[in-house]
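Each chain, letter by letter, is given below.
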Amino acid sequence: MRTFIRPVAVALAVLFVSAACGGTGGTTAPSAAAPSAAASAASTQPKFELSTYMYAIQTKGKLRVGTREDNVPFGLKNPQSGKFEGFDIDIARELAKGIFGPVANIDEKIEWVPVVSATRIPTLQDNKADLVIATFTINADRKKQIDFSDVYFSTGQKILVKKTNTSIKGPADMNGKTICAATGSTSIDNIKTAAPQAKTLALDSYPPCLLALQQGTADAVSTDETILFGLVKQDPSTNIVGPYFSEEPYGIGVKKSTGDRTGFVDYINRQLVAMIQDGRWARAYETWVSPVSNDKKKSPDSR
Ligand code: GLU
């Protein structure tokens, strides 16, 4: 099953209408008196209806983004600079710019909330983040618990082995072997479905799985191909094998609205369409994903 971003033409029409109504852009009328620094900063902010969650975020002054600290090429807290970087991070920064308008350093408007696979849903449900962007596959079970944006990235599950391993060539070969993936990930379930006799080793995130592979406590790591690309970059003595055996469409997670998230998912979807249309999505892909995947993409629709 694959889910696609809504037709671009429809979303662009929505963008046009809302921009004309001052819904997503626009500035306050200039006042006769010289504006204070705070007032002029406020005047560059996009205008939102008072009832919307975007207005609430502007009022709070920060967008709280749940993301990964060790998931190359999507979300990494760079140990040298202490700054967050990656594909998911760039998309989050663009969403923040859409809410706060042009600011010198958009990170001043973002509170990064570290998550691992298993804490993504509780982080939203406990209202510790406004959105979670963290290689988060959209599926029916998760949709019962939280809301998702449209698909902003698409990949599928594969297997990572040591280059010296000749016994695992595809999903069925995982039977009888120990396969590592993150607790609370779709990857663990997909391993069990594809190879019911496989033993799963569930760890917090993927770098510990790579370590388990290197130390021989796991025979393979299995998760989304693009995450495996990041692990191969860290350890070139490993290799990705076999065909895709799942679909992993990523969405941005948002707490289910009880009237407190009005308009937020629709707004995120409009922003994603705009990012694909104006090339920001392709730039983020080229910056973070292309160096590990060796391909280029303009949208999530192809893989
Ligand atoms: N995309 C899959 C998931 O959401 C696996 C990768 C991950 O653990 O983040 O569970």
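A. Looking closely at the sheet that holds strand 11 (residues 199–203). Spatial strand order, 11-10-12-9-13: five strands in an open sheet with mixed pairing. Looking along the sheet, the strands with just one partner apiece sit at the ends: strand 11 and strand 13 (238–241). Each strand of the sheet is rotated relative to its neighbour by a mean of 30 degrees, with strand direction disregarded. In terms of strand pairing, strand 10 (residues 178–182) meets strand 12 (residues 220–224) through two bridges, oriented parallel. Its bridge partner lying in strand 12, cysteine 180 is registered against valine 221. This element, helix 8 (residues 206–215), spans strand 9 (157–162), strand 10, strand 11, strand 12 and strand 13 of the sheet and lies at about 155 degrees to strand 12.

B. Expanded view of the state of the cysteines. Counted according to the given criterion, the structure contains one disulfide. Linked covalently through their sulfurs, cysteine 180 and cysteine 209 form a disulfide whose S-S length is 2.0 Å. Judged by the torsion about the S-S bond (-70 degrees), the cysteine 180/cysteine 209 disulfide is left-handed. Of this pair, cysteine 180 sits in strand 10 while cysteine 209 sits in helix 8, placing them 29 residues apart in sequence. Given the relative accessible area of 0%, cysteine 180 is considered buried.

C. Representation of the nonpolar core. Counting 62 residues, the largest nonpolar core has Leu63, Phe87, Leu131, Phe153, Ile252 and Phe264 as the members making the most contacts within it. Considering every element that reaches this core, the biggest residue donor is helix 4 (residues 87–100), with eight residues. With near-sequence residues (within four places) excluded, leucine 131 lies in contact with Leu63, Arg64, Val65, Gly66, Leu95, Leu124, Ile252, Gly253, Val254, Phe264 and Ile268. If you look at the next biggest cluster of nonpolar residues, it comprises 10 residues, including Val132, Phe136, Ile146 and Val151.

D. Summary view of the side chain of serine 246. Along the chain, serine 246 turns up in the loop between strand 13 and strand 14 (248–250). Of the residues examined, serine 246 reaches a relative accessible area of 12% and is grouped as buried. Separated by 3.1 Å, the side chain of serine 246 and the backbone nitrogen of glutamine 157 make a polar contact.

Conventions adopted
- Residues numbered from 1 in each chain as written.
- Predicted model: local features only at pLDDT ≥ 70, side-chain atom pairs only at ≥ 80, totals over all residues.
- Heavy atoms only, no water.
- Pairing = 2+ DSSP bridges.
- Helix = DSSP H or I, 4+ residues; strand = E, 2+ residues; numbered from the N terminus.
- Axes fitted to C-alpha atoms, helices over the stretch in contact; angles between N-to-C directions.
- Contact = heavy atoms within 4.5 Å.
- Disulfide = S-S within 2.5 Å.
- Buried < 20%, exposed > 50% of the residue type's maximum accessible area, 1.4 Å probe, protein only.
- Core = buried A, V, L, I, M, F, W, Y, C linked by side-chain atoms within 4.5 Å.
- Polar contact = N/O pair within 3.5 Å; in protein donor to acceptor, adjacent residues only side chain to side chain.

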